[in-house]
Amino acid sequence: MSKGILTLSLLFLFIIQANAQLGVMKLVGNNTENYQLGFGAFIKAGVPVSDAGDVTLEIGVNFFPSKDAGEGTAMCPLKAGYRYTLNGTGEGFYVEPQVGYNIYGVTSLLDNNGDNVDLKYHGVVLAAGGGYLFSIGNVPIDINLRYETVVAHGGSNNMVSLGITKSFSFGRRDQGD
Amino acid sequence: MRFYVIALSMAIFLSSCLKQSIPDAMLGKNSGGQGKVTATLSYTINGNAVSISVNDADNQITNPYYTLGCSKYGGYYSLDGISNSGETAFSFYTDSLAVGNYKYLGTYGDMFFIDYYNTAEYAHAPSDSMSFNITSYNNGHISGNFSGVLTPLITASTINNIFGDPGSVLITNGSFTNVPVFY
């Protein structure tokens, strides 16, 4: 396995240790049949800007192992978004568009000699999704589904992601409005 | 707010219309969106024509061998073609294939290039050579031309090969187009 994927795997473990959030995801599109179900770890925080909306910032690591041993794809997107709850309370169903930058991406392949070939890229990240925000006790929970695409080198890696997360929020909404 | 959601949704939709994944785009697979590509290789060997043509060359059968392609190995790329008359091979000794001239001289040591109806043609004599020009390398496909002077191997032996007349095999009018480069 390449150094790049190893590095991102270590970052993945670090993010998990940082009490981060987890998701499962699937690459979709041409020539993605060879990839297994992927998994990701990400830290996401929101700052309330209105009763209904939060500005969110998210960094994560997504890893997609290949069915072929020693191959796979990993990405590290940093995204900013706007989470808008439909009922205007800051909880319940929400929609969230996101834009960002893929800080590091690598696809590891094996050439005809079995030697590792790392294809490294960055690229623009676009995502849109929705979910449901609720609380269990004082713990805010976020169940979310989103579609995400990373665009680089004239191609795109597209994925669908399902996550259940404990969300972090900085700042408070005004109560009793 | 609604405007931004619609704008972002459109951006995602349009970006998803890109037909290649990022790795495929970086490797130049799928012909850069050009559809099926026909790869060809042709030349004359002492005036006799040899020709190879492969439709949809990016998706040709590779087991046990592909018909025409160029593969990356450790430290070199190997262009290989199979025709009714036999095999044609040329190695580009580089870690990163690029447009340019690649030449093999007989003084470097014996090197096989062509099997023509069961006669192997080598760069063997000091005056022998094979010269390949890659004139374009786009979307994972190479095109160019080549020529050479070779010596036939008459009898293969574990101790000493017996070669024919030095420089008696002329390779002329060599050209190749849209040969896929495989990783």
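An account of the accompanying structure is given in this report. Everything numeric in this text was worked out from a predicted model, so none of it was measured.

**Overview of the overall build of chain A**
- From N to C terminus, chain A includes one helix and ten strands.
- A total of 177 residues make up chain A; the buried ones form 48% of that total.
- Considering only contacts in chain A between residues 6 or more positions apart, those separated by 24 or more positions represent 56%.
- If you sum the accessible surface of chain A, you get close to 8,300 Å²; carbon and sulfur atoms cover 63% of it.

**Some words on the environment of M159 of chain A**
Residue and element names in this part refer to chain A.
- Checked against the element boundaries, M159 lands in strand β9 (residues 155–166).
- The exposure class of M159 is buried, given its relative accessible area of 0%.
- In this structure, the C-alpha to C-alpha distance between M159 and A127, residues 32 residues apart in sequence, is 9.4 Å.
- In contact with M159, other than residues within four places in its own chain, are M25, K26, L27, V28, N62, F64, M75, R146, Y147, E148 and V150.

**Focus: a nonpolar patch on the surface**
Residue and element names in this part refer to chain A.
- Together, V24, L37, Y84, L86, F93, Y132, I143, L145, V160, L162 and I164 give the surface a local cluster of nonpolar side chains, amounting to about 1,000 Å² of exposed area.
- The dominant element in the nonpolar patch, judged by the number of residues it contributes, is β9, at three residues.
- Locating L37 in the fold gives a position in the loop between β1 (21–28) and β2 (38–48).
- On the basis of relative accessibility, which here comes to 52%, the residue L37 falls in the exposed class.

Conventions used here
Residues numbered from 1 in each chain as written. Chains lettered and ligands numbered in written order. Predicted model: local features only at pLDDT ≥ 70, side-chain atom pairs only at ≥ 80, totals over all residues. Heavy atoms only, no water. Helix = DSSP H or I, 4+ residues; strand = E, 2+ residues; numbered from the N terminus. Buried < 20%, exposed > 50% of the residue type's maximum accessible area, 1.4 Å probe, protein only. Contact = heavy atoms within 4.5 Å. Areas by Shrake-Rupley, 256 points an atom, 1.4 Å probe, with all protein chains shown as cover. Patch = residues over 30% accessible without salt bridge, like charges linked within 9 Å, V, L, I, M, F, W, Y side chains within 5 Å. Salt bridge = Lys/Arg side-chain N within 4 Å of Asp/Glu carboxyl O.

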